[in-house]
Amino acid sequence: MKTKVVLKLGDDISTDAIYPGRFMATVLPTETPQYAFIDYKEFNTKLISKQIPANSVIVADNNFGCGSSREQAASTLKGWELIIVAKNYARIFLQNSCNLGLRTIICPIIEAKENDELEIKVTEIINLTSGKKFAIEPLPKARQDIIDAGGLIAYTRKKLLEKATVH
Amino acid sequence: MGKTIVEKILAKATGQASVKVGDVVEPAVDVAMSHENGALVINQFLDVYKGTGLKPNVWDPSKIAIIFDHRVPAESAKTATNQKKIREFVAAQGIEKFHDIRGDEGGICHQILPENGYIRPGNIVVGTDSHTTSHGALGAFSFGIGATEMASVWTLGTVLNVEVPGTIKVVVNGELPKLVSPKDIILHLIGKLSAQGANFKVIEFHGDTIRKMSTSGRLTLCNMSVEAGATSGIVPPDSETERYLREEAGVKDKLDMIVPDGDAKYEQVIEIDASKLAPQIACPHTVDNVKSVDKIGEVKVNQIVIGSCTNGRIDDIEIAATILKGRKVAQDTRMLIFPASWKIYKEAMAKGYLLDLINAGATIMNPGCGCCLGVHQGALGDKEVSLSTTNRNFKGRQGNPNADVYLCSPAVAAASAITGIISDPRKGVN
Ligand code: SF4
C-alpha cells in the first residue's frame, strides 16, 4: 500500500499527548476522534477538517503511547483510520490498538519525515522519497491472534460461545 | 532453573507446573478493578454478548471492584451520567467491591484496594488504570489493561493471551538519609532506566532497604514502576506484607506467600545505594527527566500538590504537617492536599495534621485523584509551575499544556511550599 507521512513525532509520545485527560469523560469511539492530538492544534485542525485521508501514517520514535491505559488514545486514532509506524510502543497502548484494530507497525529503524511517501509491505516499509527500505518487526503471535480474529470483542465472543457449548 | 515471582504466580494462575518467559498464558483473575472508565467497559461488555443469545452476566461479581475517584464529585453532567450508569450496572450485576463518592468508603482506587484487604500475595490483579502496578507492593502480579480487555475479563474471568514477561531485579541496600524517601528511590530508578527501560518487563524489588520499608513506601515504588514502562512492579511478600494485611487491612484468611527462587533468572540486575541518595525531582515534561534537588536552580512554584495514589497516604501527610506546623505557605504559592482515601483523611484529622496544614495556608481537598490527571480541582494557569507528589508530568497532565509540572517527594513539596521555590528539605527552612 502506498501512503504518506502526515505527522512525524519523537520519543515518549504519551497518551496525554494523543488524548488529554481532560476529555476522558468522553468514551464512545464515535465521539473520541475529535480530540485526537488536540494540543497539536495544526494537526488536529487538519483531521477535523478532513484534510487527512484514511491510511495516512504517523511516524514516531521510541515508546509511542506511554502513560495512561486510556483506550481513547487508540480509539481516537482508529476513528480516523490512521496507521502508526513507531520504533516501539508502550505495552498497554500496543495491546489496546490490537484489541480495537488500530494498525500499529513496529519498525525499529524507520527514518521518515513529514510528507514522505511510503510503501507499506508485509515485511518492510519503503520510503519512496528517500529510496531507503526498513524491516518491519512482526507483532508477537499472542497479539496477532487477536487481530486475526477481528479484534478482542470478536475474539472474546468466540471464546464465550466455545465455553457456553462445553457447559 | 529457579523462577521469578511472576513466573510462579502465573504458573499457579494457569494451573500449570511451571511457565517461562515468552510463554503465552491465560491466567485466572482474582481482582478486576475499574473506575469511572467502567462506563466504557460496560459498553464493550454488552458488545461482546451482542448476537450470542446469552444473557450478559459478569463472570464473578465478588471479584470485580469499581471505585469512583477520577472525577469526584462529578465535574460535569457527562461524568455524572457515566457514574449513574455504572451505579445501575453495579446494582443489576451485584458487584460487591463498589466504592461510591462517600466519606465512609471512598478514595483513590489504588488506595482502596489494599486498604480494604482486596489484594493478597500471589493474586492476579488487573485494572483499567496504568498505575494498577501499585498492588505489586503486596506481592500480587498486578497490571493495567484497556477497557475492552476488561470487558473480556468480565466475560471470561481470565486475561487472554498474556505473554510471561521477563524480570529486572532491582536491589536497594543502605539506609535512606533523613528526609529522603521511597519516592526519591523510584524517581532515581526511572531516571536511570528511562521511560521505556522496563517496557514489557516486570521490576522485582529486593534488598534490605525494601525489607525495612513500610507497605506505604512499597506502594510508591510499585505505583511508579510503570513510568519506566514496566508491566508491573513487585515486592516479594514478607513479614511487613503480613503485618499490613492483618493489622491495617483486616485480612483474616490464610495467605499464600509466593516468593521468587534464589536462583531465578533475571534479564538485568540494578543495584542502588539508598544511603547516597539526595531528594530527586522529575522535571518537565517527562518522568525520566530526573535531577537531584541541588541541580535544579531557582524554580518558582505557583502550586504545590500533595496527594495521588503515589504519595497521598498518612505518612506523606504527616511529613508535610511536621514541616509546615507553625509556618506559612509562601504568599504567592497555593498548596492543595488530597488525602488518598477518606480513611486517611479521618486519621490525618484525628492526629491534627490537617489543622496544622490549614493553619499554614494549605487547602484540604476531598479524597480522589484531584488535579493529578488535569480534569478539575486545581488546573494551572498559562506558564504556571506545579510541584507535585503525583506520578506524571507530561505536557498538559495537570490540565494545561502551557504549564510545567515537576514531581517530587512530600518532604520536598512541603519545604518548597514555605519558600515558594523548589527547595531541599534537608537544608532546613527558615
Ligand atoms: S491519582 Fe492520578 S495517577 Fe493515581 S489513579 Fe488517580 S489519576 Fe491516576
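Everything quoted here is computed from the prediction, not taken from an experiment.

Definitions and limits used
Residues numbered from 1 in each chain as written. Chains lettered and ligands numbered in written order. Predicted model: local features only at pLDDT ≥ 70, side-chain atom pairs only at ≥ 80, totals over all residues. Heavy atoms only, no water. Contact = heavy atoms within 4.5 Å. Buried area = accessible area lost by both parts, 1.4 Å probe. Salt bridge = Lys/Arg side-chain N within 4 Å of Asp/Glu carboxyl O. Nonpolar A, V, L, I, M, F, W, Y, C, P; charged D, E, K, R; others polar. Buried < 20%, exposed > 50% of the residue type's maximum accessible area, 1.4 Å probe, protein only. Helix = DSSP H or I, 4+ residues; strand = E, 2+ residues; numbered from the N terminus. Pairing = 2+ DSSP bridges. Axes fitted to C-alpha atoms, helices over the stretch in contact; angles between N-to-C directions. Domains from an automatic or database assignment. Polar contact = N/O pair within 3.5 Å; in protein donor to acceptor, adjacent residues only side chain to side chain. Near = heavy atom within 4 Å. Core = buried A, V, L, I, M, F, W, Y, C linked by side-chain atoms within 4.5 Å. Phe/Tyr/Trp six-rings, centres within 6.5 Å; stacked < 30°, edge-to-face > 60°. Lys NZ or Arg CZ within 6 Å of the ring centre and 35° of its normal.

## Examining the interface of chain B and chain A
Inference 1: On the side of chain A, 45 residues touch chain B, which itself brings 48 residues to the contact.
Inference 2: Taken over both partners, the interface formed by chain B and chain A buries close to 3,800 Å², and the fraction arising from carbon and sulfur atoms is 58%.
Inference 3: The interface formed by chain B and chain A includes 4 salt bridges.
Inference 4: A salt bridge links B:D47 to A:R157; the shortest N-O distance between them is 3.9 Å.
Inference 5: In terms of residue class, the side of chain B that touches chain A is built from 16 nonpolar, 19 polar and 13 charged.

## A few points about the pairing of strand 9 (residues 201-206) of chain B
Residue and element names in this part refer to chain B.
Inference 1: The buried count for strand 9 comes to 5 of 6 residues, which makes it a mostly enclosed element.
Inference 2: As paired strands, strand 8 (residues 166-173) and strand 9 are joined by 6 bridges and run parallel to one another. When the sheet's bridge partners are listed, K169 is paired in strand 9 with E204.
Inference 3: Judged from the 3 bridges that link them, strand 9 and strand 10 (residues 232-234) form a sheet pairing that is parallel. Paired with I203 across the two strands is G233, which belongs to strand 10.

## Description of the sheet that holds strand 6 (residues 124-127) of chain A
All names here are of chain A.
Inference 1: With mixed pairing, 7 strands are arranged side by side in an open sheet as 4-3-2-1-5-6-7. Strands with a single pairing partner mark the edges of an open sheet, and in this sheet they are strand 4 (103-106) and strand 7 (133-135). Taking the axes of each pair of neighbouring strands and ignoring which way they run, one obtains an average angle of 30° across the sheet.
Inference 2: Bridging between strand 1 (residues 2-8) and strand 5 (residues 117-120) involves 3 bridges; their strand directions are antiparallel. Residue pairing in the sheet places T3 in a bridge with L118 of strand 5.

## Examining the domain arrangement of chain B
Residue and element names in this part refer to chain B.
Inference 1: You can read the domains of chain B as domain 1 (5-272) and domain 2 (280-427).
Inference 2: Placing the centre of domain 1 and that of domain 2 at their C-alpha centroids yields a distance of 25 Å.
Inference 3: Across the boundary between the two partners, domain 1 contributes 39 residues, which contact 39 residues of domain 2.
Inference 4: A combined buried area of about 3,000 Å² lies between domain 1 and domain 2, and 59% of that area is made up of carbon and sulfur atoms.
Inference 5: In terms of surface lost to domain 2, no three residues of domain 1 exceed I108, L179 and K183, which account for 20% of the buried area on that side.
Inference 6: Run the count over domain 1 and domain 2 and you get 1 salt bridge.
Inference 7: Linking E227 and R392 is a salt bridge whose minimum nitrogen-to-oxygen distance equals 3.1 Å.
Inference 8: In this assembly, domain 1 and domain 2 are joined by 22 residue pairs in polar contact (both at pLDDT 80 or more).
Inference 9: Mapped by element, the contributors of at least two residues to the side of domain 1 that touches domain 2 are helix 4 (109-115), helix 6 (182-193) and helix 8 (215-225).
Inference 10: No other element matches the 6 residues that helix 6 contributes to the side of domain 1 that touches domain 2.
Inference 11: Residue composition of the side of domain 1 that touches domain 2, by class: 12 nonpolar, 16 polar and 11 charged.

## Some remarks on the site of the ligand
Residue and element names in this part refer to chain B.
Inference 1: Close to the ligand lie H70, I108, H110, D129, H131, S308, C309, C369, C372, L373, N391 and R397, which account for all nearby residues.
Inference 2: Here the residues of the shell around the ligand are counted per class, giving 5 nonpolar, 5 polar and 2 charged.
Inference 3: Mapped onto the domain boundaries, the shell around the ligand takes at least three residues apiece from domain 1 (5-272) and domain 2 (280-427).

## A few points about the pattern of salt bridges
Residues and elements named next belong to chain B.
Inference 1: Counted under the stated rule, the structure contains 38 salt bridges over all chains.
Inference 2: A salt bridge links E75 to R71, with the shortest nitrogen-to-oxygen separation between them at 4.0 Å.
Inference 3: Judged by its relative accessible area of 30%, E75 falls in the partly exposed class.
Inference 4: The exposure class of R71 is buried, given its relative accessible area of 3%.
Inference 5: Sharing partners across several salt bridges, the network here consists of E240, R243, E247 and E248.

## Brief notes about the nonpolar core
All names here are of chain B.
Inference 1: Judged by nonpolar contacts, the single largest core of 61 residues is most densely connected at I281, L324, M335, L357 and I422.
Inference 2: Excluding anything up to four places from it in sequence, L357 contacts I317, A320, A321, L324, I337, A362 and I364.
Inference 3: Residues F45, I95, A151 and V153 belong to the second largest nonpolar core, which totals 51 residues.

## Digging into the packing of aromatic side chains
Inference 1: All told, the structure shown has 15 aromatic pairs over all chains when counted by the stated rule.
Inference 2: Considering the side-chain rings of A:F64 and A:F93, the 5.3 Å spacing of their centres and the 80° angle between planes classify their relative orientation as edge-to-face. Here A:F64 is found in the loop between strand 2 (57-60) and helix 3 (72-78), whereas its partner A:F93 is found in helix 4 (residues 91-100), with 29 residues between them in sequence. One exposure class covers both A:F64 and A:F93, and it is buried.
Inference 3: Between B:F45 and B:W154, the ring centres sit 5.8 Å apart and the planes meet at 70°, which makes this aromatic pair edge-to-face. Taken together, the positions of B:F45 in helix 2 (residues 38-49) and B:W154 in helix 5 (residues 147-156) put the pair 109 residues apart, joining distant regions of the chain.
Inference 4: A residue is classified by how much of its surface remains accessible, and B:W154, at 0% relative accessible area, is buried.
Inference 5: Clustering of aromatic rings is evident, with ring pairs tying together B:F45, B:Y49, B:F89 and B:W154.
Inference 6: A cation over an aromatic ring shows up here: B:K97 above the ring of B:Y118, its NZ or CZ 5.1 Å from the ring centre.

## Some thoughts on the environment of A:G67
Inference 1: Note on placement: A:G67 falls in the loop between strand 2 and helix 3.
Inference 2: Expressed as a C-alpha distance, the spacing of A:G67 and A:D12, which sit 55 residues apart in the sequence, is 8.9 Å.
Inference 3: When neighbours within four sequence positions are excluded, A:G67 is seen to be in contact with A:T15, B:S130, B:R392 and B:F394.

## A short note on the sheet that holds strand 9 of chain B
All names here are of chain B.
Inference 1: Strand order in the open sheet made by the 4 strands is 10-9-8-11, with parallel pairing throughout. Where the open sheet ends on each side, the last strands, each with one partner, are strand 10 and strand 11 (268-273). Between one strand axis and the next, the sheet turns by 20° as a mean value, whatever way the strands run.
Inference 2: The strands touched by helix 6 within the sheet are strand 8, strand 9 and strand 11, with strand 11 carrying the most contacts at an inclination of about 135°.

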